[in-house]
Amino acid sequence: YRREWIRLTQRLSETAPGESLEHRGLDAMLSLANAEGGALWTRAKDSNASGFVRVVEINRHEAPATIAADDPLSMFLEEKRWIVDLGQALREPDSHPGLFVRDWAEDLGPDALVVPLLNQDTLWGVAFLAAPRAVGRLSYEDIDLFRIAGMQVAAVLAQAEADRLLAESRQFEA
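Values in this document were obtained by computation on a predicted structure and should not be read as measured data.

A. The environment of Gly25, seen in detail. Relative to the helices and strands, Gly25 resides in helix 2 (residues 21–33). For the pair formed by Gly25 and Val153, sequence separation is 128 residues and the distance between their alpha carbons is 5.7 Å. Not counting the four nearest positions on each side in its chain, Gly25 is found in contact with Leu12 and Val153.

B. Examining a negative patch on the surface more closely. On the surface, Glu62, Asp103, Glu106 and Asp107 cluster together into a negatively charged patch. The exposure class assigned to Glu106 is partly exposed, which follows from its relative accessible area of 35%.

C. Looking closely at the pairing of strand 6 (residues 122–130). Across the nine residues that make up strand 6, a large majority, eight, are buried. In this sheet, strand 6 lies alongside strand 1 (residues 37–43) in antiparallel orientation, the contact comprising six bridges. Looking at strand 6, one finds that Ala39 is bridged to Phe128. Here strand 5 (residues 112–119) pairs with strand 6 via eight bridges, running antiparallel. Across the sheet, residue Asn119 finds its bridge partner in strand 6, namely Thr122. Counting the residues that bridge the hairpin from strand 5 to strand 6 gives two residues, and of these Gln120 lies at a positive phi of roughly 50°.

D. Molecular detail of unusual backbone geometry. Unlike most non-glycine residues, Asn34 shows phi in positive territory, near 55°. When you line up the elements, Asn34 lands in the loop between helix 2 and strand 1. Residue classification places Asn34 among the partly exposed residues on the basis of a relative accessible area of 38%. You will see that Asn59, though not glycine, has its phi angle at about 55°, which is positive. A relative accessible area of 52% means that Asn59 is categorised as exposed.

E. Region of interest: the packing of aromatic side chains. Under the definition given, this model contains one aromatic pair. When the ring of Phe76 is compared with that of Trp82, the centres are 5.4 Å apart and the planes differ by 85°; the resulting orientation is edge-to-face. On the basis of relative accessible area, Phe76 is assigned to the buried category, the value being 4%. The exposure class of Trp82 is partly exposed, given its relative accessible area of 30%.

F. Spatial organisation of the pairing of strand 5. Of all eight residues in strand 5, eight are buried; the element is thus mostly enclosed. Neither face of strand 5 is open: one carries Ala112, Val114, Pro116 and Leu118, the other Leu113, Val115, Leu117 and Asn119, and all of them are buried. As paired strands, strand 4 (residues 84–85) and strand 5 are joined by two bridges and run antiparallel to one another. Within strand 5, the position partnered with Val84 by the bridge is Val114.

G. Molecular detail of the side chain of Asp71. Topologically, Asp71 is positioned in the loop between strand 3 (66–67) and helix 3 (72–80). Within the structure, the side chain of Asp71 is placed 2.8 Å from the backbone nitrogen of Leu73, a separation counted as a polar contact. Every residue in contact with Asp71, bar those within four places of it in the chain, is listed here: Arg102 and Trp104.

H. The arrangement of helix 3 in detail. For helix 3, every residue scored as buried is listed here: Pro72, Leu73, Ser74, Phe76 and Leu77. Tucked inside the fold, the buried residues of helix 3 contact strand 2 (52–58), strand 3, strand 4, helix 5 (103–107), strand 5 and strand 6. A distance of 2.8 Å separates the backbone nitrogen of Leu73 from a side-chain oxygen at the start of helix 3, and that oxygen is part of Asp71. Positive backbone phi, approximately 60°, marks Arg81, located one or two places after helix 3.

Rules used in this analysis
Residues numbered from 1 in each chain as written. Predicted model: local features only at pLDDT ≥ 70, side-chain atom pairs only at ≥ 80, totals over all residues. Heavy atoms only, no water. Helix = DSSP H or I, 4+ residues; strand = E, 2+ residues; numbered from the N terminus. Contact = heavy atoms within 4.5 Å. Patch = residues over 30% accessible without salt bridge, like charges linked within 9 Å, V, L, I, M, F, W, Y side chains within 5 Å. Areas by Shrake-Rupley, 256 points an atom, 1.4 Å probe, with all protein chains shown as cover. Salt bridge = Lys/Arg side-chain N within 4 Å of Asp/Glu carboxyl O. Lys, Arg positive; Asp, Glu negative; His and termini not counted. Charge placed at Lys NZ, Arg CZ, Asp CG, Glu CD. Buried < 20%, exposed > 50% of the residue type's maximum accessible area, 1.4 Å probe, protein only. Pairing = 2+ DSSP bridges. Phe/Tyr/Trp six-rings, centres within 6.5 Å; stacked < 30°, edge-to-face > 60°. Polar contact = N/O pair within 3.5 Å; in protein donor to acceptor, adjacent residues only side chain to side chain.

None of this, on its own, says anything about what the molecule does.
Here is the structure:
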């Protein structure tokens, strides 16, 4: 897993003209899973909104624009902080007690991973990885790798957002 970790870190630190950090974060996770596509949502930045807003999708155009804070998937990820093997959850509902999968998630692909992006013990975002070929039945090492990758992506995105907000506030000070 050392090699995958290095690839993830390198991909997050690359800069390409016109490519957002969110796109690099999702792309790095897709590469880790050898997945064909996916989507990434981050916590809504608008103070009047709650839940999560889709910030990027790759080869998945069915992804909803938002996931409500009270969506069963959001609530499950917030409470359990589990990596969700969507196929297993649909085939064996008892494997993910308390998880209710809405049609939109099923429509994105029943063979998928849902990775919580945790930052400072808070659900900061959600990554959906469609048809991951590098993952069969998840081992503890796979789960740890995706959990840590999700935390790394969340930390990088959260830091970028904090930097943006700081720059914005300094602009108003001047």
